[in-house]
Structure formats: C-alpha cells, structure tokens
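# Structural overview for review
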Amino acid sequence: MGMTMTQKILAAHAGLDRVEAGQLIEADLDLVLGNDITSPVAIREMEKMNTQGVFDRDKIALVPDHFVPNKDIKSAEHCKCVREFACRHGITNYFEVGEMGIEHALLPEKGLTVAGDVIIGADSHTCTYGALGAFSTGVGSTDMAAGMATGKAWFKVPSAIQFRLTGRPSKWVSGKDVILHIIGMIGVDGALYRSMEFTGDGIAYLSMDDRFTIANMAIEAGGKNGIFPVDEKAVAYMKEHSRKEYTVYEADEDAVYDAVYTIDLSTLRPTVAFPHLPENTKTIDEITEDVKIDQVVIGSCTNGRLDDIRTAAQVLSGRHVAKGIRCIILPATQAIYLQAMEEGLLKIFIEAGAVVSTPTCGPCLGGYMGILAAGERCVSTTNRNFVGRMGHVESEVYLASPAVAAASAVTGKISSPEQLD
Amino acid sequence: MKAKGSVLKYGDNVDTDVIIPARYLNSSDPEELASHCMEDIDREFVKKVQKGDIIVANKNFGCGSSREHAPIAIKAAGISCVIAETFARIFYRNAINIGLPIIECPEAAQEIEGGDVVEIDFDSGLITDVTKGVSWQGQAFPEFMQKIIRAEGLINYINQKQ
C-alpha cells in the first residue's frame, strides 16, 4: 500500500521509511510560527520548561498581525511580550509593524515556507503553505512552545481525501469559489483529522494566490492540512521568493484515499457562504432574493494577496461604493500594499469610496478595523462566518471572493461582477 | 482518573469564537477568559457552571481557531471533562496539551441530556449517566496521551521526561 503526499513528507521528517494512517510519530520541524494572540501564551508555557532556549533561532517566525498596530493597552502588552522574547532569543524572523504582513501571506512571500517542509503554526490557517507542497498545520500555543524548545512535534499520521480538479474556471471564478464549493459539498467536518490532497490538470489554471486561498481554508472543512503537487508555477514562485532548498514529494500511485472527489472547475459559479457556517453555500444564481448589506471587507490571510487586490480594483475601477456601505480593503503585506500603490490600485479604491488599511487580521475575527453592530451584514473575503465572528452576536457574515465582495460594495447587496453592467 | 459532575449540553459545531470571542483575546489570563467562557452561545453559562461540571456536545466541538484560550477558558471555568461525538482536531490537541480531559463517544453525546449527572473513568473510557443509569464505552486515550493528562499538560510531561 502506497503513501499519500502528506504521509511521505511526515515519514521523511520522522526518520522512517514509511508511515501509515493512525500511527503516532514525532517529526522534525522546519518552521514554528506564532502571532501576537498565540505567542504570549506559548512564551508563558516555555518559561515553565526546564530548557529555556529555542531549538533554532532561524526556524521560528513571530508575526504580530492580529491586533497591530496595537489596538489597545492589553494588545500592546502582548506585542511587547513577543517583541522582548524575539529580542532575547535573537529570533531572525520577527516582523515588526512596517515590515510585517498577515502571517500566511508574509511567510511564503519572504521565502520561509517551501515544498517538503514540515511547519507548525499557532494559528489555524497555517495550512496555507500546502499550496507550495509543504506539510503545514495549525496547532495551539503549547505545541508552539514545545516546538520552539525542541524542534519537534507529535502527530497522528492522517489519512487523506483526494480532490481531482479538472477543467478551466470561468472568468469570475477564483480559488475562493473552489474551496467554498468543496466545503459546501463535504461540510465543516467533512475532512476532519484528514489531509485534503488536490490533484488534476485543473490545477494548472489556478494561480499560486488561488492555491494559497484553497489550502488556507482546508481547516474550514476540518482538515489537518491541504496540499498541492509541486508544478512549474510552484517552483517559479519558490525561485522568485526563496533561497531555501526545497524537496518535491509525490503521492504513490497506489496511495489509498478515504474518498475521491472529481470537480470540474469549468462548471463552478461564484459562491457565497451564508451565516453562520462556511458550509452554508449558495451559488450566485441560487441567491434569488436581495441580500442587503452594510459592509464589505476585502483582505485577510485568505484573500488579501495581489491577485485579490487586483481583482477588487478591476471591479471597482470607474465605479463607486453604494451610499451607506463601508468598504474596507486590507492588502495583506507591506509588499502587496506597495505593489498596489505602484499599479495605481489604491487610487482606484479611494476614488471608489473605499478605505485602505495597513495589513492586519483585525476585522476578520472581530478584533478591530471593521466591527459589526447588531443586525448588520458584511460580505467578506475572510474565512469564517460563525456567530459573532466580526462583532455583535446578531450580526451576519457572508463569505465570498474578492470579485463578489467588490461587486456587492457597488450595489449594496450580494452581487457578482456579471450583474454590474 | 475519574471525573463526575452535572452536564451542560450543547449542539453541533460549537466553535472557538463562541467558546471565547476574539474581543477578549487581548487577555491570556485564565480567570479573565473563564469569566467570558461560552458567552456568545450561552450567556448564562458563567452563572450556571459549578466546579466539576461536564460539557456534552454533538459533532465537531471546538471547530475554528487554534486559540488555546478556548480550552483554557473551559478548564478555568471549572469544567472537568468535555464529551462530544467528535472534536475539531486543533481543539483536541490543545485540550490534551493543557490537561483538559476530553472524550469522544457519539452514543453518549447524543443520549446524555443537560442536567444529568455523569461519571467518566479515563483509564477505561467508560462513561456512566448516573441519572439515567446507562453506560457507554468511550474511546480510552492512548497511553502517551494519558501521561500528558496526568502530568496536567505537555510542558510538565516534557519536563518530567528530561
């Protein structure tokens, strides 16, 4: 019986020839990540340990991104704790405001995540780096602490579900629509404890930014990780961004999957997840009644990359945000922000009546920079629409692609760009 | 190792945002987190909960964020164990790592009702609804997870090993 792509990476990092689903292993880590919410708890746990040092100061990334620039005094204390820890241990990859970005957009851009790596991060969307052919998964602060100290983590080897993507998506269908379609199909626990392995000739039509979006939301189907094969686009991305050595792993031909789904991308339509679960999906054509909105958020670790910002600008160019609607756009990193400025996209947004924010996770988790009041509705390119996620428990979040979010900002109700002309 | 307490019952997909909303994540103090535990799903939870009480829920408990603040808040609120049909995987790891006992058992999770008194034997995985007089065999922890729970968390366990 062969191994899946994920199992091969885990076996190699556990020093084993082969592993099988359900086996408990201890794996060597290539990168350990934390942010300003999870790192302070990890640092407190680390201080209880007999060994106080870090395993490798080059293999830890600390990215204050959730509540920075500091939203209040308590957040400032958390960030100070992370900053002082980074300084004390000489952490190479600590990213201060001004050089930072949303962690899962930033780390691939900085070349810290490459194919074949095993990465844990104290943030559930750490699964994003599977787009590059890495095994990466979210953990909590205690795992992060143990990882920083020992360079190792325990895993139960997952079984996998294979998603064969075929065909070419139509113009306004993006990675976000692909992953919302999948979550709608299998449910928020459809991939619980499992790997989601994406294959098929349709992948060639997906940009790296599309793939990051898809892998990012594997957790919203309960997945342990999402992973893509390493093709020319992935290699080109790594060569552009990284000097790290990468290793390409491929699933064995006789690898066993718990289930196999084939998805023809050419048949997908812009898709929206209604409150209060990412599995409550409808295609734009199934939304027959007007869903009036109050706010639009375009950004986050899911959809704040350059493709996303460009798509939003394409829709908003020469148009205006509807009266009474707040449209908040957050390029995910400083580099994306700068590129958007150089391409004139920020001008398009401001002329359209949107606001452009410094990189932050803020509104996605109801932290700051776009909190909702009771009864308010937001179309958001983020990843969760749970009760109270963006503010008041009686507010509502509708998850969508940047194209749908931007079009909705123009009309004041959930809309696709096709409906604008 | 055993736990016994009165049950607070919830449904499917209890997510980490309702267990501890992000507006309180500017704190990492267990007592402060406990004072807002379950606030967005059950405003009365903090008033009702007694030390030793047990949470019982259905599918995918703890889905969403990796915030360890969620099991920390539950543990600090006095909950002695969470029983569910299934747990989201990061929550599962986090609960073990901080020493909050949790146990998967679909039948028990479906049949136990709020207010029942339930006893759990972690060594055998046996769950007994004392009120109903019914028992179910839950999944016992692998030995190494039991060691982590006995040590009251992964960090203590690693310290003891060294």
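What counts and how
- Residues numbered from 1 in each chain as written.
- Chains lettered and ligands numbered in written order.
- Predicted model: local features only at pLDDT ≥ 70, side-chain atom pairs only at ≥ 80, totals over all residues.
- Heavy atoms only, no water.
- Contact = heavy atoms within 4.5 Å.
- Buried area = accessible area lost by both parts, 1.4 Å probe.
- Salt bridge = Lys/Arg side-chain N within 4 Å of Asp/Glu carboxyl O.
- Polar contact = N/O pair within 3.5 Å; in protein donor to acceptor, adjacent residues only side chain to side chain.
- Helix = DSSP H or I, 4+ residues; strand = E, 2+ residues; numbered from the N terminus.
- Nonpolar A, V, L, I, M, F, W, Y, C, P; charged D, E, K, R; others polar.
- Buried < 20%, exposed > 50% of the residue type's maximum accessible area, 1.4 Å probe, protein only.
- Axes fitted to C-alpha atoms, helices over the stretch in contact; angles between N-to-C directions.
- Parallel < 35°, antiparallel > 145°, perpendicular 65-115°, else oblique.
- Pairing = 2+ DSSP bridges.
- Core = buried A, V, L, I, M, F, W, Y, C linked by side-chain atoms within 4.5 Å.

## What about the interface of chain B and chain A?
Listed by partner, the interface residues are 44 residues for chain B and 49 residues for chain A. Taken over both partners, the interface formed by chain B and chain A buries close to 3,800 Å², and the fraction arising from carbon and sulfur atoms is 55%. Three residues, Asn26, Arg89 and Arg93 of chain B, lead the burial of chain B against chain A; their summed loss comes to 20% of the area buried on that side. Between chain B and chain A we count 4 salt bridges in total. When the shortest N-O distance is used, the salt bridge between aspartate 143 of chain A and arginine 93 of chain B registers 2.7 Å. One can count 22 residue pairs in polar contact (both at pLDDT 80 or more) joining chain B with chain A. For the side of chain B that touches chain A, the secondary-structure elements that each account for two or more residues are α1 (16–19), α2 (30–34), α4 (69–76), α5 (89–98), α7 (143–150) and α8 (154–161) of chain B. Top contributing element to the side of chain B that touches chain A by residue count: α5 of chain B, with 7 residues. Broken down by class, the residue content of the side of chain B that touches chain A amounts to 18 nonpolar, 14 polar and 12 charged.

## Overview of unusual backbone geometry
Of note, the bond from valine 68 of chain A into proline 69 of chain A is cis; its omega dihedral lies within 30 degrees of zero at -10°. Structurally, proline 69 of chain A is set in the loop between β3 (60–63) and α3 (73–88). Following proline 275 of chain A, the chain continues to histidine 276 of chain A via a peptide bond in cis, the omega torsion being -5°. Among the structural elements, histidine 276 of chain A can be located in the loop between β12 (271–273) and β13 (281–283). Of note in this structure, asparagine 13 of chain B is not a glycine but carries a positive phi near 50°. Taking the relative accessible area as the measure of exposure, asparagine 13 of chain B reaches 13% and is therefore buried. You will see that asparagine 60 of chain B, though not glycine, has its phi angle at about 60°, which is positive. Residue placement: asparagine 60 of chain B occurs in the loop between β2 (54–57) and α4. With a relative accessible area of 1%, asparagine 60 of chain B lands in the buried category.

## Some details on the side chain of threonine 4 of chain A
If you trace the backbone, threonine 4 of chain A turns up in the segment before α1 (5–13). Dropping the residues within four chain positions of it, threonine 4 of chain A is found in contact with Ala160, Glu197, Ala251, Ala255, Val256 and Tyr257 of chain A.

## Details of the packing of α5 of chain B against α7 of chain B
All names here are of chain B. For the pair α5 and α7, interaxial distance at closest approach is 7 Å and the crossing angle is 55°. Taken together, the axes of α5 and α7 lie oblique to each other. Where α5 approaches α7, its residues Tyr92, Ile96 and Asn97 are matched on the opposing element by Met145, Ile148 and Ile149. Of the residues assigned to the contact of α5 with α7, the class counts are 5 nonpolar, 1 polar and no charged.

## Quick notes on the sheet that holds strand β3 (residues 81–84) of chain B
All names here are of chain B. In space, the 7 strands of this open sheet follow the order β4-β3-β2-β1-β5-β6-β7, with mixed pairing throughout. Since the sheet does not close on itself, it has two edges, and those belong to β4 (102–104) and β7 (134–137), each with one partner. For this sheet, the mean angle separating the axes of adjacent strands, direction not counted, is 25°. Judged from the 4 bridges that link them, β2 and β3 form a sheet pairing that is parallel. By the bridge assignment for β3, isoleucine 54 is matched with cysteine 81.

## With respect to the pairing of strand β1 (residues 2–9) of chain B
All names here are of chain B. Of the pairings in the sheet, the one linking β1 to strand β5 (residues 117–121) comprises 5 bridges and is antiparallel in character. Bridge pairing in β5 links glycine 5 to valine 118. Judged from the 3 bridges that link them, β1 and β2 form a sheet pairing that is parallel. Among the inter-strand pairings, leucine 8 is bridged to a residue of β2, identified as isoleucine 55.

## Looking at the nonpolar core
By size, the foremost hydrophobic cluster in this structure holds 197 residues, and its most contacted members are Ile414 of chain A together with Phe61 of chain B. No other element matches helix α13 (residues 402–411) of chain A, which puts 7 residues into this core. If we ignore the near neighbours within four places in the chain, the residues touching phenylalanine 61 of chain B are Val14, Ile19, Ile55, Ile74, Val82, Ala84, Thr86, Phe87, Ala88 and Phe91 of chain B. In this structure, Leu31, Phe95, Leu106 and Tyr129 of chain A belong to the second largest nonpolar core, which totals 14 residues.

Read these as spatial facts, not as claims about activity.
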